[in-house]
Amino acid sequence: MTQVTDHGGGVRSIRVPIPDNPLGYTLVYVLDTDRGPVLVDTGWDDPESWETLTNGLAGCGTSASEIHGVVITHHHPDHHGLSGKVREASGAWVAMHEADASIVRRTRETRPERWFTYMTDKLTAAGAPEEHVAPMRTAQPRNLPGLSPALPDREIVPGELLDLAGRRLRAIWTPGHTPGHVCLHLEEDHPAQLPGKGRLFSGDHLLPEITPHIGLYEDPDDATVMDPLGDYLDSLERIGRLAPAEVLPAHQHAFTDAPSRVRELLTHHESRLTDLLSLLTTPLTPWQLAERMEWNRPWAQIPYGSRNIAVSEAEAHLRRLVKLGRAEAVTGSEPVTYVAV
């Protein structure tokens, strides 16, 4: 059964399922404007998800054909997946931050074989064992959601109000989970007069009970060394200072007291960095560090694809420790190992 929640003040949410994913669903928000409804995110590109979204829109008194625009918090397929279908049904514009739009373009333009080669090289350099890397050497391209995402046709500019008639929705750039992740601040009085500054569509940046994945997003043809965890922590502090009355996240449920949740996440990451330093008393590759890190299940039970994500997260934490001067690469090690300093 399609679940629609009315958050008041011309804002509703629809639970759009994510197939075979422990997150369960994406909360797609429907924002009333003077030119018609605008969606914040769209959900996963899957027939069941599309049916749920269209049923939910009907429950909101509208339809996919009446959507005026789509605002994407970030490019991941559980957020951006159905944007193309919505645009086909309605002619709606699709807006995204340029940093994530560039990832969408790269994803569409890069041949799958190039990605497999790049990932093979990256995992080998991270110390992954041959039995993990070998399947990528012979992998065949498949038509998976997210491999040909819709090209956005509008740019979300940080700090600016979006062009939404009758609403004040300001974009806040919050890189970390992705390079172009944005939160969207609805600068209007809370409909229930809760104390604080408006409401915040937080995407995956700030969730009530989950710590979002912070990994690496790199261009195979760009050698720039990024610090996504540092970006994320800086972005968190910015949202904490904003102090919205209520947070409307893309997963789980709406919540209040954003500053308290921000403090919890900052403490969590500082604690995790400290734990990793204790592991780095002896030199470890990123793969070996990922094997020893604490996850939501033992390493032996983590599926193949999720191990790649875990290694990416381990590397993001190593980047932060190196930038802080708390760890360093061991000269001459291959694959490269890191040690606490």
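Presented here is an overview of the structure given in this document.

Criteria and thresholds
Residues numbered from 1 in each chain as written. Predicted model: local features only at pLDDT ≥ 70, side-chain atom pairs only at ≥ 80, totals over all residues. Heavy atoms only, no water. Salt bridge = Lys/Arg side-chain N within 4 Å of Asp/Glu carboxyl O. Helix = DSSP H or I, 4+ residues; strand = E, 2+ residues; numbered from the N terminus. Buried < 20%, exposed > 50% of the residue type's maximum accessible area, 1.4 Å probe, protein only. Pairing = 2+ DSSP bridges.

Digging into the pattern of salt bridges
Tallying each qualifying case throughout the model produces 15 salt bridges. The salt bridge involving Asp32 is made with Arg12; its shortest N-O contact spans 3.3 Å. On the criterion of sequence distance, the pair formed by Asp32 in the loop between strand S3 (25-31) and strand S4 (38-40) and Arg12 in strand S2 (residues 11-17) is long-range, its members being 20 residues apart. Through salt bridges with shared partners, a single ionic network connects Arg168, Arg170 and Glu187.

Topic: the pairing of strand S6 (residues 93-97)
For S6, a buried count of 5 out of 5 residues is recorded, marking the element as mostly surrounded by other parts of the structure. Burial of the side chains of S6 extends over both faces: Trp93, Ala95 and His97 are buried on one face and Val94 and Met96 on the other. Taken together, the 3 bridges between strand S5 (residues 69-71) and S6 define a ladder with parallel strand orientation. Bridge pairing in S6 places Gly69 opposite Trp93. Across 3 bridges, the pairing between S6 and strand S7 (residues 154-156) is parallel. Within the sheet, the bridge partner assigned to His97 lies in S7 and is Ile156.

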